[in-house]
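Structural features, examined
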Amino acid sequence: MEGRVHYSQCPVCDSRSIGPVLTATDYTVSHAEFAIWECAACRLRFTQDVPDAQHIGPYYKSEEYISHSNTRKGLINRIYQRVRRTTLRQKVELVGSATGRRSGRALDVGCGTGAFLNALKNAGWSVQGLEPDDDARALAIRQYGLDVQEAAALYMLPEASFDLITLWHVLEHVHDLQGYLERLRNLLAPGGRLIVAVPNYTSGDAAIYGRYWAAYDVPRHLYHFAPQSMQVLMQRHGMRVLAEKPMWFDSVYISLLSSRYRYGQVHWLGAALAGLRSNIGALANKERCSSITYIIERSK
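Reference entry: report on the structure contained in this document. Note that the structure is predicted; figures quoted are calculated from it, not measured.

**Some points on helix 4 (residues 134–144)**
All of the buried residues along helix 4 are Ala136, Arg137, Leu139 and Ala140. An end-on view of helix 4 places all buried positions within 160° of arc, on one side of the element. In helix 4, the exposed positions that point more than 90 degrees away from the buried face belong to Asp134, Asp135 and Arg142. The N-cap of helix 4, judged by a side-chain oxygen 3.2 Å from the amide nitrogen of Asp135 a few residues on, is Asp133. Gly145 lies just past helix 4 and shows a positive phi near 65°.

This is the structure:
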């Protein structure tokens, strides 16, 4: 299919034991349906027949796509903006505990409008950002005065030059998954840390909402990770997961969006209870959390 990526093997582990599990709808832009397949070997799910890198751009052009527009339109996005002030502080604290450092050289890949990168700069880090979207990149530069370059600059950065590399809900968007991971590994300085946050389709809220689960976000989300598939991916590139940190707020935010997709309007109480149920399940097993932040290092 022209302009589409059709996988005959798993994008993470190359297994050919793959098959369809559900169909999800793009509720943000096109309202088209996309098939989601699963790998029996590593448990990765992925969007099949997704637009390739040259044709995916129009699917990001929506005022509702908050990481690119910084929009406050709609009550859900206003709640997101309010909660983000808390999560930014938590992310900076996480960086300190994960790296054991209060300063250093940091790269935020897919930095969006620059909110996290600015918080990290204010905490004492020397920061640089990469962002493929022209509008988001311009907003980050204009609003915060950040050093933000086009995504292609990743391949021009000097190796072993960053003590910290972060990808907050970015890896699921990257077409060249294997090439990207290899490049990120080579950019880490000795003792550096890679922090990757991604949605977790094995979460309780994903089970509740099924094909309406907002974090499938087809076709922008090319991959839908389980903890097992993330472990396999990192091992393949000579890295290892040191820790998994739950992102507690995500279950409620995702449940609010998911309820709107399922019912045509937000069911506030039902969505809040779904998010709460998901988090209660994750208390006993953090690998059931709606989103997980992985702390990663190069293998010894």
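**Description of the pairing of strand 10 (residues 188–199)**
In terms of burial, strand 10 is a largely internal element, ten of the twelve residues being buried. For strand 9 (residues 162–168) and strand 10, the ladder comprises six bridges, and the chain directions are parallel. Of the residues in strand 10, the one forming a bridge with Ile165 is Leu194. In this fold, the crossover linking strand 9 to strand 10 by way of helix 5 (residues 177–187) has right-handed handedness.

**Describing the sheet that holds strand 11 (residues 223–224)**
The strands making up a sheet are joined through hydrogen bonds of the backbone, oriented either antiparallel or parallel. Spatial strand order, 2-3-4-11: four strands in an open sheet with antiparallel pairing. Each end of this open sheet is capped by a strand with a single partner; those strands are strand 2 (18–25) and strand 11.

Thresholds, definitions, all that
- Residues numbered from 1 in each chain as written.
- Predicted model: local features only at pLDDT ≥ 70, side-chain atom pairs only at ≥ 80, totals over all residues.
- Heavy atoms only, no water.
- Buried < 20%, exposed > 50% of the residue type's maximum accessible area, 1.4 Å probe, protein only.
- Helix = DSSP H or I, 4+ residues; strand = E, 2+ residues; numbered from the N terminus.
- Arc of directions from axis to C-beta.
- Polar contact = N/O pair within 3.5 Å; in protein donor to acceptor, adjacent residues only side chain to side chain.
- Pairing = 2+ DSSP bridges.
- Right-handed = clockwise from strand over helix to strand, strands pointing away.

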